[in-house]
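# What the coordinates show
The lines below spell out each chain.
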Amino acid sequence: MIIDLPRFVAAERTYWDELALLLARLETEPEARLSLPEIQRLHYLYERSSADLARLDTFSTEPNLRAFLESLVARAYTEIHETRAPVKLRWKSVVLAFPRAFRRHQGAFRLSLGVTLLGCAFGWFALRMDPHVKTVLMPFPGLNSSPAERVAKEEGAKTDRLRGEKASFSAELMTHNIHVTVLTLAFGMTWGVGTLILLFYNGVILGAVAADYIGAGFGTFLTAWLLPHGSIEIPAILLGGQGGFILAGALIGWGGRTPRTERLRAIGPDLFAIIAGAAALLVWAGIVEAFVSQYHQPVLPYSLKIAFGACELAALTAFLAWAGRE
Amino acid sequence: MKAARQSRLSIETPEGVVFSFELATPVSRALAWAIDAAAIVTACSVVGQVCAAANLFSRDVATAVTTVLYFVISVVYGILLEWRWRGQTIGKRILGLRVLDIHGMRLQLSQIVLRNLLRFVDTLPALYLVGGIACLFSRNAQRLGDLAANTIVARERKPAEPDLDEIAPAKYNSLLAYPHLAARLRSLVTPEAAAIAIQAVTLRDGYDPIARIELFAELAAHFRSLVEFPEQALEGVTDEQYVRSVLRVIYTG
């Protein structure tokens, strides 16, 4: 028990001030490296302030002093006990973190792909069984006209219908798709149910569009239309789904005894890498969709568009599969 | 998510010392968000005006730049400021709030990114309804983004010594003639009782005279029950003077 508080404060104040000064230096210069004697001194000052705080517990009339010491000890605790290295944003490590994170959670990606394919199958069969459900499955004006009309209109276009609008169209596509992808990841917080629904619905639309165009005999047009941007855009949304399922997995925590906070802490850097990678892919997809995908034969031969899309898909697959392997 | 929301988050260090953070209330967080939203709208508007005024781009490119910048600013604003200002945005800085790691560790970039991206869900269906409900029902007043990123939003402490000249002017203090009893009194008065006494002295002029006499009588009785000073120390000392003397004992010794 501290009997003489003013004397106690006068005796310890020097140590608290020294610790506060050292902490201020570490906080303003996170890259700074302390020498061994400085580290030892920091540890000593932290332990001394902690002991002071513990002693003050027996003297509860000093709320302000206690608050001051608590704040000091909390800051020192962060510096002493933090084991994670501060982030160094070097382009190579940032770029390679994306495929590495992807490979660490391939199960979640397979689940994302499986749910989307299931949605595709549902959309395909629903439209083939009853063509009248088209407006329900695809409530978008651009997809409700008949494939024959659309193909005739696109291939017969005499002027560039996106003239003077390509950049803004591209920007809208980028922001919308990034929004949807982030939402797909963020819905992982609903124990994955929201992610599952979004992916399934995306699949349903894809399956229904495919059934509509392939059923009408315009498979080549559809492939040439979707592949240049879809080869990047669809995997990016699947990556968002992968992130959502990683998040859901950490929340649910099957078969482990690790606390939820620890599970979530462990996946944080991977989620960051995946969503940053997916966003970068969607910027590219937005540009391609506005500047390439919307142009058809005879302006751009279908074979060229399909080859371009296939190359993109191959490059993305190679990047995710091999980049940064050790 | 369980109920039993707490107002402080306590962390016990391996050394056995406990320190705590005062958690921000949903109301103060909503106010901080309103300020941030205003800052984002202002920044976007300025960018839009600059783009238009500079006349550097065609109308198409200018629209594209504005669309992208609006999206980037609204997403990156929180990430960048919380990263540079160690857990604070303009709104949080004004309201005295700070994002902290739930274990008291250093806030990582991945945590900041994750909590900011999960805003997309927290803001659903409008005006942070999902996030607000999560905040109200989670133990540490966390929205979904905070739960995923292992972060909390705490009120920054600005410890300030009470203005003793204002509340207990330096005069002869008869209680200090008995240092052993004064020390005992200091160790027995709880922070809550001391805070009530400070408030009573500070606001004394605003009270109804009878209520004021009753309040100080009650406070003096409470302090007297803790330590019994000799009669001569209390001779001619009113209840209010006694409470002032107690405060001077507590804070200056």
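Residues numbered from 1 in each chain as written. Chains lettered and ligands numbered in written order. Predicted model: local features only at pLDDT ≥ 70, side-chain atom pairs only at ≥ 80, totals over all residues. Heavy atoms only, no water.

The next subject is the sheet that holds strand 2 (residues 18–23) of chain B. Residues and elements named next belong to chain B. With respect to topology, four strands assemble into an open sheet ordered 1-2-4-3, the strand pairing being antiparallel. The open sheet terminates on both sides in strands that have one partner only, identified here as strand 1 (8–12) and strand 3 (97–101). Adjacent strand axes in the sheet meet at a mean angle of 45° when their direction is disregarded. In the sheet, strand 3 pairs with strand 4 (residues 151–155) via five bridges, with the strands oriented antiparallel. Residue L100 lies in a different strand from strand 4, and its bridge partner there is I152. (Pairing = 2+ DSSP bridges. Helix = DSSP H or I, 4+ residues; strand = E, 2+ residues; numbered from the N terminus. Axes fitted to C-alpha atoms, helices over the stretch in contact; angles between N-to-C directions.)

Topologically, B:V65 is positioned in helix 2 (residues 59–84). Counting along the chain gives 17 residues from B:V65 to B:G48, while the straight-line C-alpha distance between them is 8.5 Å.

The next subject is the interface of chain A and chain B. Facing the 62 residues of chain A at the interface are 55 residues of chain B. For the pair chain A and chain B, the two sides together bury roughly 5,100 Å², of which 65% comes from carbon and sulfur. Here chain A and chain B share two salt bridges between them. Residue A:R265 pairs with B:D101 through a salt bridge whose shortest N-O separation is 3.0 Å. Linking chain A with chain B are 10 residue pairs in polar contact (both at pLDDT 80 or more), by the criterion used here. Of all elements in the fold, only helix 1 (5–28), helix 2 (36–56), helix 3 (63–81), helix 9 (166–186) and helix 12 (260–293) of chain A reach the threshold of two or more residues within the side of chain A that touches chain B. With 13 residues, helix 3 of chain A is the largest single contributor of residues to the side of chain A that touches chain B. Partitioning the side of chain A that touches chain B into residue classes produces 33 nonpolar, 14 polar and 15 charged. (Contact = heavy atoms within 4.5 Å. Buried area = accessible area lost by both parts, 1.4 Å probe. Salt bridge = Lys/Arg side-chain N within 4 Å of Asp/Glu carboxyl O. Polar contact = N/O pair within 3.5 Å; in protein donor to acceptor, adjacent residues only side chain to side chain. Nonpolar A, V, L, I, M, F, W, Y, C, P; charged D, E, K, R; others polar.)

Here we come to the environment of B:Q142. All names here are of chain B. By the secondary structure assignment, Q142 is in the loop between helix 6 (129–137) and helix 7 (144–149). Q142 gets classed as buried once you look at its relative accessible area, which sits at 4%. When the C-alpha atoms of Q142 and L80 are compared, they prove to be 21 Å apart, with 62 residues separating the residues in sequence. In contact with Q142, not counting residues within four places along its chain, are R29, I102, A134, C135, L147, T151 and I152. (Buried < 20%, exposed > 50% of the residue type's maximum accessible area, 1.4 Å probe, protein only.)

It is worth spelling out the domain arrangement of chain B at this point. For chain B, the assigned domains are domain 1 (8–155) and domain 2 (164–252). The gap between the C-alpha centroids of domain 1 of chain B and domain 2 of chain B is 45 Å. (Domains from an automatic or database assignment.)

General note: in soluble globular proteins, nonpolar side chains tend to be found buried as a group. By size, the foremost hydrophobic cluster in this structure holds 58 residues, and its most contacted members are A:M189, A:L239, A:L247 and B:L118. Leaving out residues up to four positions away in the same chain, A:L239 has contacts with A:F98, A:F102, A:F109, A:I274, A:A278 and A:L281. (Core = buried A, V, L, I, M, F, W, Y, C linked by side-chain atoms within 4.5 Å.)

With that settled, the discussion passes to the side chain of B:S174. Secondary-structure assignment places B:S174 in the loop between helix 8 (164–167) and helix 9 (179–188). For B:S174, the residues in contact, after removing those within four places along its chain, are B:A233 and B:V237.

What follows concerns the domain arrangement of chain A. Its domain assignment divides chain A into domain 1 (5–81) and domain 2 (92–322). The C-alpha centroid of domain 2 of chain A is placed 52 Å from the C-alpha centroid of domain 1 of chain A.

Residues and elements named next belong to chain A. If you walk through the whole model with that rule in mind, you get 14 aromatic pairs over all chains. An angle of 90° between the planes, with centres 6.1 Å apart, marks the rings of F221 and Y302 as edge-to-face. Placement of F221 in helix 11 (residues 219–252) and of Y302 in helix 13 (residues 302–322) is noted, with a sequence separation of 81 residues between them. Judged on exposure class, the residue F221 and its partner Y302 are both buried. Site record: aromatic cluster; members linked through ring pairs are Y213, F221, W225 and Y302. Cation over ring: R13 sits above F68, and NZ or CZ is 4.9 Å from the ring centre. Directly above the aromatic system of Y15 lies the positively charged group of R48, at a separation of 3.8 Å from the ring centroid. (Phe/Tyr/Trp six-rings, centres within 6.5 Å; stacked < 30°, edge-to-face > 60°. Lys NZ or Arg CZ within 6 Å of the ring centre and 35° of its normal.)

Residues and elements named next belong to chain B. Strand 4 sits mainly inside the fold: four of its five residues count as buried. Relative to strand 4, strand 2 is paired through two bridges, and the arrangement is antiparallel. Its bridge partner lying in strand 4, L23 is registered against A154.

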